[in-house]
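# Coordinates in review
Each chain is listed here by its residues.
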Amino acid sequence: MSRSNPPTPAGPDALPEHPHPGPRVLARRFLVWNFLRAVLHNGWWLVTSLYMAVDAGLSPAQLLLIAAAQGVASILFEVPAGVVADTLGRKKAIVASHVLMATAMAVTGLFPSFVPLMLAQMLWGISWTFTSGSDVAWATDEIDEPDRIHLLIAAQARWQMIGSGAGIVAFGVFAALVDRPTAIVCAGVLMLLLGTWFTAAFPEKNFVRVRKDHLKAALGIARRGARLAVTDRTILMLVVVTVLVNGAADTFGRIYPVHLADLGLPSDTSGMAWFTAINLAAYATAALALIAAQRRLDSDGGARTSLAFSCLTGLVSLVLLGLASSLALAVAAVITMNGIAMPLVRTVTTIWVNRRTASDIRATTHSFLAQAEYTGEVLCAAALAALAGTFGTGGTMLLAATLFAVSAGTVALNRSRTKSPSEGVST
């Protein structure tokens, strides 16, 4: 694979380069961008989920088919998108993500029928593949503070949670004041403007771009990323945990509202208000949990302890939810699951993989982790869904809890010595 440093301008007619902002400035911009993207993404999805069921009149079967089509599209594009980011540039991948995402969001509000909505949701899923991993890879290289990058990734997750809560409130109010299609299209336009700001304000000076033989280089990056994912025992453990945990979490996310309704959550307007309050409480809890955990994530030992704790927290939460006989206990279990277990699992796995990955395949390796998430959602959630009719919502929660138990056991069995994969050591 041939790489060369980009040429530097020379001569009196050469245009001067803009100075590279300091790491503190870039870190602040990165967190603001994550916050605003979370506001737009979660606010848009809140309105869209109701819009597809009410305004477009889609049936449950059509909604499930759209979800399945989106998942398949994401799985197919995840690793190729990561390879593109490692070959052509992380900034280009993120900008492309904004363009695709904005298009999908706007199309959703403009065409309220099954086929356009399914295609828009597939495009929306594809758009996320171009930014998953690329954002962390960009921040790691451009901010270039390896001893503190775990703090930035934890802060990123925290501000995404805060932005999610803000987006739900802001777009819920906005859609009530205007109408749902208008709110959806406006979110798409704002997402495009956010991508424009990213283009202008986020430099990419430290990435060494592939200058020739792009296809050969891309295939080499994909091979080395796949080899690392299966030969590094720690990364392989994280892939297994990601598959299991996200399978359990996807099942939980789809059926816990039904379980809360069975336990007495009102079905009228007050029930929607309570449901929103539960989600906001989970976002606030997640922000606090990430603050408490972030300083323990600077070593493999701290990451392993935090990951085991989060898996055990998920196990306890799902057991309590499955056995709960009161609405209050079930709500506490939901907040613990969404506010502690899942945010910690995602943040710890991202930080740990990032630490063990060489710069030139960083986005690709993160893409393998994201692909593991989709695989878990498709395979594990499908298996649990097939059993839901037999065991009911409570029993299905207990079955999902076993996936967290296996994940905790997988973490406990991982005792590999930690060495940098860039040194060519497979652990």
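Residues numbered from 1 in each chain as written. Predicted model: local features only at pLDDT ≥ 70, side-chain atom pairs only at ≥ 80, totals over all residues. Heavy atoms only, no water.

The subject of this paragraph is the UniProt feature "transmembrane region" (unreviewed entry) in the protein. UniProt marks residues 30–54, 60–81, 93–111, 182–202, 234–252, 272–293 and 397–414 with the feature "transmembrane region" (unreviewed entry), using the numbering shown here. Counted over residues 30–54, helix gives 100% and strand 0%. Its end C-alpha atoms are 36 Å apart. (UniProt positions renumbered as here; feature names shortened; annotations may be inferred. Helix = DSSP H or I, 4+ residues; strand = E, 2+ residues; numbered from the N terminus.)

Once that is clear, we can look at the confidence of the model for the protein. Here the protein averages 83 in pLDDT, and 87% of its residues register 70 or above. In this model, residues 416–427 is a region of pLDDT below 50 whose contacts with residues beyond four sequence positions or in other chains number 24 contacts. (pLDDT = per-residue confidence, 0-100. Contact = heavy atoms within 4.5 Å.)

Relative orientation and spacing of two packed helices are given, respectively, by the angle between their axes and the distance between those axes. Between helix 5 (residues 134–143) and helix 6 (residues 149–177), whose axes approach to 11 Å, the crossing angle comes to 140°. The orientation of helix 5 with respect to helix 6, classified from their angle, is oblique. Note that helix 5 runs across helix 6; the crossing there is right-handed. When helix 5 is examined against helix 6, the residues Asp 135, Val 136, Ala 139, Thr 140 and Ile 143 are found in contact with a partner set consisting of Ile 149, Leu 152, Ile 153 and Gln 156. Of the residues belonging to the contact of helix 5 with helix 6, the class tally is six nonpolar, two polar and one charged. (Axes fitted to C-alpha atoms, helices over the stretch in contact; angles between N-to-C directions. Parallel < 35°, antiparallel > 145°, perpendicular 65-115°, else oblique. Left-handed = near helix turned anticlockwise from the far one by under 90°. Nonpolar A, V, L, I, M, F, W, Y, C, P; charged D, E, K, R; others polar.)

Let us look at helix 4 (residues 114–129). Over its 16 residues, helix 4 extends 23 Å from the first C-alpha to the last, a length consistent with the 22 Å expected when each residue adds 1.5 Å. Turning to helix 4, its buried residues number three or more, namely Leu 117, Met 118, Ala 120, Gln 121, Trp 124, Gly 125, Ile 126, Ser 127, Trp 128 and Thr 129. (Expected span 1.5 Å × (residues − 1). Buried < 20%, exposed > 50% of the residue type's maximum accessible area, 1.4 Å probe, protein only.)

Further remarks concern the packing of aromatic side chains. Per the stated rule, a full pass over the model turns up 14 aromatic pairs. Note on Phe 198 and Phe 202: the rings are 4.2 Å apart at their centroids and 10° apart in plane angle, and the pair reads as stacked. By the ring-pair criterion, three or more aromatic residues cluster together here, those being Phe 30, Trp 33, Trp 138, Trp 197, Phe 198 and Phe 202. Here the guanidinium or amino end of Arg 37 rests over the ring plane of Trp 33, the centre of that ring lying 4.3 Å away. (Phe/Tyr/Trp six-rings, centres within 6.5 Å; stacked < 30°, edge-to-face > 60°. Lys NZ or Arg CZ within 6 Å of the ring centre and 35° of its normal.)

Despite not being glycine, Asp 144 has its phi angle at roughly 55°, a positive value. Inspection of the secondary structure assignment puts Asp 144 in the loop between helix 5 and helix 6. With relative accessibility at 52%, the residue Asp 144 sits in the exposed group.

With respect to the helices and strands, the residue Ala 277 is situated in helix 10 (residues 269–293). With relative accessibility at 37%, the residue Ala 277 sits in the partly exposed group. As a C-alpha pair, Ala 277 and Gly 165 span 112 residues in sequence and 9.6 Å in three-dimensional space.

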